[in-house]
Each structure stands twice: as structure tokens, then as C-alpha cells.
Amino acid sequence: MPEYQQVIITSIREETTGVKTFTVTYEDGAPIPYIAGQFITFVFTHHGREERRSFSISSSPVQNKPLSFTVKRIDNGAYSRLLTDRAKVGDILQTTGTAGLFTLPEKMDTYEQVFFFAAGIGITPIISLIKTLLYTQPAIKAILIYSNRSREETVFYHELIALAESFPDNFKVDFLYSTSFNLARARLNKQLLPVLLHEYALTSNEKMLFYICGPFQYMRMAIFSLEEQGIGDEQIRKENFNTNDRQIIKSVPPDQQIHQLTIQFNGNKYTFPIRYPDTILQAAKKHGIALPYSCEVGRCGSCAAICTEGQVWLSYNEVLTDTDLKHGSILTCVGHPINGDVTIIV
């Protein structure tokens, strides 16, 4: 049986209707370590079966505040409803910890400006990144283009205004409301995005970095529009806050033979045979190895590992960049060994 960490809810704050922010610490009051832009994964039990759900972190570690995550109530979301409707201060939650690749680069010296595009609750990991950037990178300018239906439904509206007032030379925010009478600036689209890019650009394209979080169609439009403006893939980071909003069609690996898989995890080494259709994650589960995971469809990055020997084929990937792949990063939830035996480090 895997061992999970227990955390306690220390405060709950309502942001807008149906949206709440929860602050958590370890039971002894110790802070939970995390990186801006990550998410925290909780483990729930439903009819005797383990289910995991991840929620984006909205706090910033550089402000020395405990970890906070923000949840939007979804009508058919069992655990978002559980948290927003029933959770209370003092409740204990089980977690596998924090993870995620939607983070700032370790080295920011090649960038002069960062654009953030958010829609709705997609602001959650982005506000964490913005706060971290503003407090740690005074030479970099930040621009937020934030889409909502109305001001009343805008999560973190007052906090964003306060940040813009505190950092007038480094941070600007442009709120887009779909209910606006000015239809030209009501919704972000492929015509408006280049206009905003030109309006706020303070440097050349290669010195810009872009973060996008929102519904799938919103992110796809933004990515295509940026690419049409000459922005390279390595400059664009995306985070899908809802990993269940569309069906994944998985392809079949070119090699479906049996191979030996070696996993180095938590100081232990496991070796066993694996064969399609089992993914690395599924095979590990069958052998009682509790590897980290959340979405299980190649979208969140919580199952990321490093392949040190052999070749791993991914049936789907929304989070690893070409540079990540080049350095051996893989996703165990959609990964299959091909062309021989494989060794990974988790």
C-alpha cells in the first residue's frame, strides 16, 4: 500500500461564485515545498477505488506563504464539488505531493518580456508564476491578457490590480470580457492576439516567453496565432487545467514485443517484463510500485521520468518540449518501451 502525505486545510477563501482558494500545510504546521506554476495531487477513495485529482497552486513560494490551491466548482466534477461544497478548515487530505512542468526556466537571462494568456480558472497557475516573476526578476516585464465573461466572474481581480499598482513598470494586465460592448476586444481570437502582441511588445520575438492556460480550444488558438507571428515552440509553455475536457485518441507503438523494464524509484530498483498494451505506469501498478501520476493521458506531467537506457515511445504528449525529449524526459502514463530493454529514473 503506497504511503501518502497528510495535509490539513488551514483556511478557505471564496474568490468568486463557485471558486474557492484552500490553504494547506502538513499536520504539524510545516510548509509544503513547491515551485510556482505546479499543481498538487490529492488521493480520494470512491467505492474502495483510489482516484486522484490535481489542482493548480495559486500561491507563490517567494512570498513565504503556505501552499494555496484554487478550485472552481464543476457541476459534474465530483471532487471539485466535494471541496467547494463540503470541505472545511481542519479537514485532512491525502496527497502525493506537488508536481508539474508549467514553471519558470531556471535561467531567465535570455528573456526580457513574458506574456501570460489566461482564460477563466486558467489564471490559477499563472498568478503564481506572475508573483514569482515580479518578486525575483526585476529586469523582466510581464504582460497578462486575461479572458472572462465579466469582471464579477474574474478570479483574483483585486489581487491582480494590486500587483499592477505595486509593480507599475514591470506588470500590466489587460482584462477581456466576453460581455463587453466593444466586440473587437471582447474575446481573444486570432485577429486580436497579434494586435495585443504588437501593442505590448517591448523587445524582439526571440527574447519573449509565453505562458498559456485555459480551455483546450482557447490554448490551441493562442498557440497557432503565436506561431503565425514567428514565435518558436520552445518559447511557448501551456497548461491544460482540465485534463478531462476532450477525448484522447492514442496511437499504437511501432514495437509491441516484450522488453525488460528497469525502474529506479525512491532508492529502490525494480526489473520486470513489459509488453503493449501496458504502459510503463500500468505495468508498475501491477507490480505494486506506486509511481507518481495524475491525469494518465499525457497532459499534466506529474508522471515525468528520465530514460537513461533504451527508447521509450509516447502515445501522446502535451507537456514535454522538444528539449525535454532530447534530454531523455518521458511520461510513464503514455510511455512504451520499444526496440529493446529500457531503464528509467523516477
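For the structure, see preceding data.
Residues numbered from 1 in each chain as written. Predicted model: local features only at pLDDT ≥ 70, side-chain atom pairs only at ≥ 80, totals over all residues. Heavy atoms only, no water.

*Asks:* I'd like to hear about the layout of surface pockets, residue by residue, with values.
*Replies:* Looking at the second largest pocket, its volume works out to about 950 Å³. Looking at the second largest pocket, it is lined by 32 residues, and the ones nearest its centre are Leu101, Arg237, Val319, Thr321 and Asp324. Secondary structure elements with two or more residues in the lining of the second largest pocket: helix H5 (216-228), strand S11 (236-239), strand S14 (304-314) and helix H7 (322-326). Counting residues per element, the lining of the second largest pocket draws most heavily on S11, which supplies 4 residues. In terms of residue class, the lining of the second largest pocket is made up of 13 nonpolar, 8 polar and 11 charged. (1 Å grid on protein atoms, 1.4 Å probe; cavity = no way out; pocket = protein on both sides within 12 Å on 5 of 7 lines; lining within 4 Å. Points joined across faces, edges and corners; volume = space filled by probe spheres on them. Helix = DSSP H or I, 4+ residues; strand = E, 2+ residues; numbered from the N terminus. Nonpolar A, V, L, I, M, F, W, Y, C, P; charged D, E, K, R; others polar.)

*Asks:* Describe the nonpolar core, and please don't skip the residues or the numbers.
*Replies:* One broad trend across soluble globular proteins is that nonpolar side chains are buried collectively. Counting residues in each nonpolar core, the largest one holds 35 residues, and the members touching the most others are Phe116, Ile123, Ile126, Leu144, Leu160 and Phe171. Secondary-structure elements contributing two or more residues to this core are strand S7 (113-119), helix H2 (123-136), strand S8 (141-148), helix H3 (157-166), strand S9 (171-177) and strand S10 (208-213). The leading source of residues in this core is H2, at 7 residues. Contacts of Leu160, omitting those with residues within four sequence positions, involve Ile123, Ile127, Leu144, Tyr146, Val155, Phe171 and Phe175. Residues Ile280, Val312, Leu331 and Ile344 belong to the second largest nonpolar core, which totals 26 residues. (Core = buried A, V, L, I, M, F, W, Y, C linked by side-chain atoms within 4.5 Å. Buried < 20%, exposed > 50% of the residue type's maximum accessible area, 1.4 Å probe, protein only. Contact = heavy atoms within 4.5 Å.)

*Asks:* Help me get a handle on the sheet that holds strand S3 (residues 39-46), residues and values and all.
*Replies:* Strand order in the open sheet formed by 6 strands is S4-S3-S6-S1-S2-S5, and the pairing between neighbours is antiparallel. Each having just a single partner strand, strand S4 (49-56) and strand S5 (67-72) make up the two edges of the open sheet. On average, adjacent strands in this sheet sit at an angle of 45 degrees to one another, irrespective of strand direction. Strand direction decides the pairing type here: strand S1 (residues 5-16) and strand S2 (residues 19-26), joined by 8 bridges, are antiparallel. (Pairing = 2+ DSSP bridges. Axes fitted to C-alpha atoms, helices over the stretch in contact; angles between N-to-C directions.)

*Asks:* I'd like a description of the sheet that holds S8, backed by residues and values.
*Replies:* Reading across the sheet, the 5 strands line up as S9-S8-S7-S10-S11 and stay open at both edges, with parallel pairing between neighbours. Strands at the two margins of the open sheet, each flanked by one partner only, are S9 and S11. For this sheet, the mean inter-axis angle between neighbouring strands, taken without regard to orientation, is 15 degrees. Where S7 meets S10, 6 bridges bridge the pair, whose relative direction is parallel.

*Asks:* Give me empty space enclosed by the protein: which residues, what numbers.
*Replies:* Here the idea is plain: a probe the size of a water molecule rolls over the atoms and shows the empty space left. Following the criterion strictly, the structure yields 2 cavities of 30 Å³ or more and no others. One number sums up the size of the largest cavity: a volume of about 50 Å³. In terms of lining residues, the largest cavity is bounded by Asp255, Gln256, Gln257, His259, Ile274, Arg275, Tyr276, Asp278, His336 and Pro337. Among the residues forming the lining of the largest cavity, the class breakdown is 3 nonpolar, 4 polar and 3 charged. A volume near 30 Å³ is recorded for the second largest cavity. Along the walls of the second largest cavity sit Tyr293, Ser294, Cys295, Glu296, Gly298, Arg299, Cys300, Gly301, Ser302, Cys303 and Cys333, which together make up its complete lining. Along the lines of polarity and charge, the residues of the lining of the second largest cavity split into 5 nonpolar, 4 polar and 2 charged.

*Asks:* Tell me about the pattern of salt bridges, and please be specific about residues and values.
*Replies:* Tallied over the full model, the rule gives 14 salt bridges. For Asp91, the salt bridge is made with Lys88, and the minimal N-O distance between the two is 3.1 Å. Of the charged contacts in the structure, one is a salt bridge between Lys131 and Glu159, with a shortest N-O distance of 3.1 Å. Of this pair, Lys131 sits in helix H2 while Glu159 sits in helix H3; the two residues are 28 residues apart in sequence, bridging distant segments of the chain. Since its relative accessible area comes to 5%, Lys131 is described here as buried. (Salt bridge = Lys/Arg side-chain N within 4 Å of Asp/Glu carboxyl O.)

*Asks:* Can you tell me about the packing of aromatic side chains, naming the residues and giving the values?
*Replies:* Aromatic rings in a pair are described by how distant their centres are and how their planes are angled relative to each other. Here the structure, examined in full by the defined rule, presents 13 aromatic pairs. Here Phe42 and Phe55 contribute two aromatic rings whose centre-to-centre distance is 6.3 Å and whose plane-to-plane angle is 40 degrees, an arrangement assigned as tilted. Separated by 13 residues along the polypeptide, Phe42 in strand S3 and Phe55 in strand S4 bring together distant segments of the chain. Centroid distance Phe115 to Phe210: 5.4 Å. Interplanar angle 20 degrees. Geometry classified as stacked. Pair noted here: Phe115 is in strand S7 and Phe210 is in strand S10, with a separation of 95 residues, a long-range link. Looking at Phe115, the relative accessible area reads 1%, which means it is buried. Assessed through its relative accessible area of 0%, Phe210 is described here as buried. An aromatic cluster of three or more residues is present, and its members are Phe22, Phe42, Phe55 and Phe69. The ring centre of Tyr293 lies 4.1 Å from the NZ or CZ of Lys285, which sits over that ring. (Phe/Tyr/Trp six-rings, centres within 6.5 Å; stacked < 30°, edge-to-face > 60°. Lys NZ or Arg CZ within 6 Å of the ring centre and 35° of its normal.)

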